[in-house]
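# What the coordinates show
This is what each chain is made of:
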Amino acid sequence: MYVSARTDYALRAMLVLASSQDIPHPFLSGILLDLRRADMVDSLRGTDGGYRLTRSPEEIRVGDVLRATVGAITAVRGLPVAATSYQGVASGLSEVWRSVHRAVEEVVDRASLADLLRGGFADDAEQQVSPATTHRAPARRRRMETP
């Protein structure tokens, strides 16, 4: 997964909005236009204008912001995962990329702005992995040959 500077700033902006802080309009207008089109923020006109969330921080997921700012959450060589296809010995790669995409979506669609405002996001899968369950490739045995 590639997170662009624009997406990183978009998430930061959403967190600032969610925490009720003011943001100067010129700094965020380009990024917030994408978020407004995705119906996550409203623009307010006037001298005290700015932007505000259209939904509560609990209802806005990191995945929503990613999709609004970059489109596809994961990409292979600049293409959405669904557009990848391979022939021959590489044909299995398509399923690998789809699995990666599903795993990334699962995390970003579970994490809300409220989670981040509370200080982070606890990934349940991370807590389930212990050193004893970490996968290691089996050692290769050498075959002894006699002359």
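This text follows the structure it describes.
The following refers to the structure shown. Treat the numbers as computed from the prediction; the structure is a model and nothing was measured.

## Some details on the pairing of strand S1 (residues 41–44)
As paired strands, S1 and strand S2 (residues 50–53) are joined by four bridges and run antiparallel to one another. The residue bridging Ser 43 from the neighbouring strand is Tyr 51, located in S2. Hairpin remark: S1 followed by S2, antiparallel, with five residues in the connecting loop; positive phi at Gly 46, about 105°.

## Regarding the packing of helix H3 (residues 62–70) against helix H4 (residues 93–110)
For any two helices packed against each other, the geometry comes down to the angle between their axes and how far apart the axes lie. Following both chains from N to C, one finds H3 and H4 inclined at 115°, their axes separated by 5 Å at the closest point. On the basis of the axis angle, H3 is roughly perpendicular to H4. Along the contact surface, H3 presents Val 62, Gly 63, Leu 66 and Arg 67, while H4 presents Glu 105, Val 108 and Asp 109. Of the residues in the contact of H3 with H4, the class split is three nonpolar, one polar and three charged.

Rules and cut-offs
Residues numbered from 1 in each chain as written. Predicted model: local features only at pLDDT ≥ 70, side-chain atom pairs only at ≥ 80, totals over all residues. Heavy atoms only, no water. Pairing = 2+ DSSP bridges. Helix = DSSP H or I, 4+ residues; strand = E, 2+ residues; numbered from the N terminus. Axes fitted to C-alpha atoms, helices over the stretch in contact; angles between N-to-C directions. Parallel < 35°, antiparallel > 145°, perpendicular 65-115°, else oblique. Contact = heavy atoms within 4.5 Å. Nonpolar A, V, L, I, M, F, W, Y, C, P; charged D, E, K, R; others polar.

So yeah, pure geometry; function would need other evidence.
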